[in-house]
Amino acid sequence: MTTAPATPRLTVRHLTKRFGTLIANDDVSLSIAAGELHCLLGENGAGKSTFSACLYGLLQPEAGEIAIDGVKVELTSPAKAIASGIGMVHQHFVLVPSFTVLENIVVGTGSGPRLDMTAARSRILELSRQFGLEITPGRLVADLSVGEKQWVEIVKALYLGARLLILDEPTAVLTPQESERLFAIIQQLKASGIAVILISHKMNEVMRSDRVSVLRKGRLVGTVTTKDVTRDDLTMMMVGRPVAQVHARSKPGAGETALSFKGVSLAKGGRTHLKNVTLDLAAGEIIGIAGVAGNGQDELLEAVAGLVRPDSGNILLRGEDISVLSVHDIARRGAGYVPSDRFRDGLVSDFSIAENLILGQHWDERWRSGPFLDETATRRSAETAIASYSVMASGPDMLCGRLSGGNAQKVILAREFAKARHLLLCNQPTRGVDIGVIEFVHGELLRKREEGCAILLVSEELEDIFALSDRIAVMFRGEILGVFPRDEADITRIGPLMAGHAHGAAA
Amino acid sequence: MIADLLETSIIISVLAATVRIATPILLAALGEMIAERSGVYNMGLEGTMLMGAFTAYIGAYYTGSLWLGVVIAMITGGLMSLIFAFMVITLKVEQIVTGLALNLLGSGLSIFWLRAAFANAGQTPTTPFFDTVPLPLLSDIPFLGPILFDQKILTYVAILLVPATWYFLFRTRYGLELRCAGENPKALDIKGLNVAARQYAAVIFGGLMAGLGGAFLTVGSAARFVPEMTNGRGWLAIVIVIAGLWRPVPVLLATLVFSFLDALQLQIQGIGVAIPYQLLLAMPYVCAILALAIRRSHSGAPAMLGIPYWRR
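Note that the structure is predicted; figures quoted are calculated from it, not measured.

**Let's talk about the overall build of chain A**
No. 1: Along its length, chain A carries 17 helices and 22 strands.
No. 2: The C-alpha atoms of chain A give 25 Å as radius of gyration, which agrees with the globular expectation for 507 residues (23 Å, within 12%).
No. 3: Along the first, second and third principal axes, the C-alpha atoms of chain A reach 70 × 50 × 45 Å.
No. 4: Within chain A, the proportion of its 507 residues that are buried is 44%.
No. 5: Of the contacts made within chain A by residues no fewer than 6 positions apart, 68% connect residues no fewer than 24 positions apart.

**Let's talk about the overall build of chain B**
No. 1: On a plain count of helices and strands, chain B comes out with twelve helices and two strands.
No. 2: Starting at the N terminus and ending at the C terminus, chain B contains elements arranged as α-α-α-α-β-α-β-α-α-α-α-α-α-α.
No. 3: The C-alpha atoms of chain B give a radius of gyration of 20 Å, which matches the 20 Å a tight globule of 312 residues would have.
No. 4: The principal-axis extent of the C-alpha atoms belonging to chain B is close to 65 × 45 × 40 Å.
No. 5: The buried share of chain B, reckoned over its 312 residues, is 47%.

**Some remarks on the sheet that holds strand 19 (residues 423–427) of chain A**
All names here are of chain A.
No. 1: Pairing is mixed across the open sheet formed by six strands, whose spatial order is 16-19-20-13-21-22. Here the strands that pair on one side only, and so sit at the sheet edges, are strand 16 (335–338) and strand 22 (479–485). Sheet twist, expressed as the mean angle between neighbouring strand axes with direction ignored, is 15 degrees.
No. 2: One ladder, built from five bridges, connects strand 19 with strand 20 (residues 454–458); its direction is parallel.

**With respect to the domain arrangement of chain A**
Residue and element names in this part refer to chain A.
No. 1: As far as domains go, chain A holds domain 1 (10–239), domain 2 (247–334 + 420–507) and domain 3 (348–417).
No. 2: Measuring from the centre of the C-alpha atoms in domain 1 to the corresponding centre in domain 2 gives 34 Å.
No. 3: Between domain 1 and domain 2, the residue contacts involve eight residues of the former and twelve residues of the latter.

**Re the pairing of strand 16 of chain A**
All names here are of chain A.
No. 1: Side-chain alternation along strand 16 places Ala-335 and Tyr-337 on one buried face and Gly-336 and Val-338 on a second face that is also buried.
No. 2: The pairing of strand 16 with strand 19 spans four bridges and is parallel. From the neighbouring strand, Val-338 faces strand 19, where its bridge partner is Cys-426.

**Description of the interface of chain A and chain B**
No. 1: Counting residues at the interface gives 20 residues for chain A, matched by 18 residues for chain B.
No. 2: In the side of chain A that touches chain B, the residues fall into 13 nonpolar, five polar and two charged.

**A closer look at the nonpolar core**
Across soluble globular proteins, nonpolar side chains have a tendency to be buried as a group.
No. 1: Membership of the largest hydrophobic core comes to 148 residues, with the highest contact counts inside it found for A:Val196, B:Ala29, B:Leu212 and B:Ile240.
No. 2: Non-local contacts of B:Leu212, meaning those with residues more than four positions away in its chain, are made with B:Leu27, B:Gly52, B:Val70, B:Ala73, B:Met74, B:Gly77 and B:Leu154.

**Quick notes on the pairing of strand 3 (residues 37–41) of chain A**
Residues and elements named next belong to chain A.
No. 1: Of all five residues making up strand 3, five are buried, and the element is well covered by its neighbours.
No. 2: Residues Leu-37, Cys-39 and Leu-41 line one face of strand 3 and the alternating positions His-38 and Leu-40 line the opposite face, and both faces are buried.
No. 3: Judged from the four bridges that link them, strand 3 and strand 9 (residues 211–216) form a sheet pairing that is parallel. Along strand 9, the bridge assignment pairs Cys-39 with Val-212.

**A word on the packing of helix 11 (residues 248–271) of chain B against helix 12 (residues 277–294) of chain B**
Residue and element names in this part refer to chain B.
No. 1: Two elements in contact, helix 11 and helix 12, have axes whose closest approach is 9 Å; the angle formed by their N-to-C orientations is 175 degrees. In terms of axis orientation, helix 11 runs roughly antiparallel to helix 12. Between helix 11, through Val-257, Phe-258, Leu-261, Asp-262, Gln-265, Ile-268 and Gln-269, and helix 12, the contact on the second element is made entirely by Tyr-277, Leu-280, Leu-281, Met-283, Pro-284, Cys-287 and Ala-288.
No. 2: Classifying every residue of the contact of helix 11 with helix 12 by side-chain character gives eleven nonpolar, two polar and one charged.

**Some thoughts on the confidence of the model for chain B**
Residue and element names in this part refer to chain B.
No. 1: Confidence along chain B averages 91 in pLDDT terms, with 97% of residues attaining 70 or more.
No. 2: Within chain B, the element-level pLDDT minimum falls on helix 12, averaging 82, and the maximum on helix 3 (residues 66–90), averaging 97.
No. 3: Across the assembled chains, the prediction reports ipTM 0.89 with pTM 0.82.

**Here we look at the sheet that holds strand 12 (residues 271–282) of chain A**
Residues and elements named next belong to chain A.
No. 1: An order of 12-11-14-15 is seen for the four strands of this open sheet, with the pairing classed as antiparallel. Because the sheet does not close on itself, it has two edges, and the strands there are strand 12 and strand 15 (320–321).
No. 2: Here strand 14 (residues 312–317) runs beside strand 15; their pairing, made up of two bridges, is antiparallel. Residue pairing for strand 15: Leu-316 is matched across the bridge by Asp-321.
No. 3: Of the strands in this sheet, strand 11 (257–268), strand 12 and strand 14 touch helix 9 (residues 297–305), which is tilted by about 65 degrees from strand 12.

What counts as what
Residues numbered from 1 in each chain as written. Chains lettered and ligands numbered in written order. Predicted model: local features only at pLDDT ≥ 70, side-chain atom pairs only at ≥ 80, totals over all residues. Helix = DSSP H or I, 4+ residues; strand = E, 2+ residues; numbered from the N terminus. Rg over C-alpha atoms; globule rule 2.2 N^0.38 Å. Buried ≥ 20, exposed ≤ 12 C-beta atoms within 10 Å, placed from the backbone. Contact = placed C-beta atoms within 7 Å. Pairing = 2+ DSSP bridges. Axes fitted to C-alpha atoms, helices over the stretch in contact; angles between N-to-C directions. Domains from an automatic or database assignment. Nonpolar A, V, L, I, M, F, W, Y, C, P; charged D, E, K, R; others polar. Core = buried A, V, L, I, M, F, W, Y, C linked by C-beta atoms within 7 Å. Parallel < 35°, antiparallel > 145°, perpendicular 65-115°, else oblique. pLDDT = per-residue confidence, 0-100.

Structure follows, in structure tokens:
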């Protein structure tokens, strides 16, 4: 990137957006050139989503102005944003599964009562050829792979005539190979003069942009040219302090086998979730499960926790077959379970921190006096947990629904770590939490490992898996396609397996 | 005596009655299908139809015009569903509960108004009613002619609405947008289209059709209004939309099945077969429960049916 051309594609001046007393965007100014890949970087709650929602007309800023190609625009609705040439690919797919690709792209466009599908189809095919997006207009969206859905979303925005394309965390659901494809597509978009805003927190992606704007607590920390900075510089800008990347760790302990899967299979609703899974996990060992979401990781952990019963095979916890035991009995044998959706499965939002901390163990002698709950004991232990896990909360009585994602996660960790005497099942422990909390979770997991607990870790963030695991297992369509010691695992070996390529099958 | 049912003239009479009985239910069901396709569950169909029946009657009585009565019934149905639409689309009140309230409103208001209008509610005056309009040539076709082409105009309207709603839903831009509102309203919203406007239009269309269906009951056949005379037809229409997979042709077929059972039981009663008539009366409803039990899964239902849309 040399200096920006005379009229930038997008100019934002002094944009401010408030929600009540919270200032989500505080005097943000930036400009983006035609054909530029501009990355928006920031922690959760830094204001990236608010900023892009203002650009797309979904929210109206209190102050500031926005100009496209030098012309000031009033973005009071998505219709205005589209008319101004702004397109957006949302973080979660906004598609109708029962419609065809064609119908999804065409709906809401055109004029008059007739649907001119022939003209639309040829325009779509032309767009997909031009930018290297492989889509088939006649297919049902429900039948598409995750990657293909993402290409449909991009064509949808281009079909509406986008000259500035906002991509909100587009790679969160993609395999590493699909992410590569996405960047190839972005190159094509840039070459045709389309400006791209990429919202991401993955550093390897951020480093491929032309410029980066870093947001922290609603304020623009700065806009930098990517090739002039390092990852550490950006992390420092984003978090506001240096972040320790490497945790000291001991050699993997050659502990005795804590958990073993013996040919575990599970099918549900006509789909295979687990296929002949055989795996041993030693005490004091962390095995990371790498894989694209929905390939059986959830079911693997749920089978151990007792939430689903495998169709065949056995699961042994310290030599005892637990595949027939209830959730309660398995938990009592020293297994903790951190579910992926913390507000749905991990907590009761309308219960206090103290109540959530004893959830599922309220029968325990420690919290009871006779038939009654011992409120003094629960409060005292909640205070201890709040202090030792540094939960930002007003006290044990605060409702969990009012905690931020990171603090809610800490409450779950406090409860499940206490339960996990021998085994800890961890599903997406760092999803949607800030770097500070990620550091904390990593530290706690390693501490738990040092204590001799066996840990089965599922994460879509490969960074988690690489940072923590002693061994890495790759799951695809319910099958474990490979297990590698950490020093032998790298992305070139893991990536193809995540897409199922070991078996020659397409993802 | 059961053998009497196999006489050609009796078969024709049962089938012609089937088509006649189907008319108000088909009108209401097609309207409800459109509303549900946009994502809104109008459980207030029974009350809306009842008000349609009542206002058609009272309108025809005071104006002396059957067609004015029909127009008044449709306007009433439209207004009832406008109230409903405001409650569930704008205020986002729970749809099922609001629908139930609408039924109570229809039931109470029609009885109250009937008593206010006529001092002796037990003996209300009658109005004229629509005659059948045999279609030239077509009505002369043996067997089919008297069944399909010697009916009232509203019946022809109802049957023509089947291809019309199909064409609208699956061949027009507006139909695609309407279905999108029921499947994933956000997909419309982010293209800058107004979700609420489309849902309002769909719900009001449903109300117009329920009003029209109700009118058929009074000015179309009975010539007078009897409290609660819809007698579950609105509910049946809701069941039919589910049994008919939210598609016009299956909705028509489902309507005909229920109406045939109803026509059959009337005929059986008429002939005097020794089956308790209460049992026969229950047949369409037993069939409705069976249809729902068989169609357990809601496959084919709009994905966001009954769920109000919030932007964030």
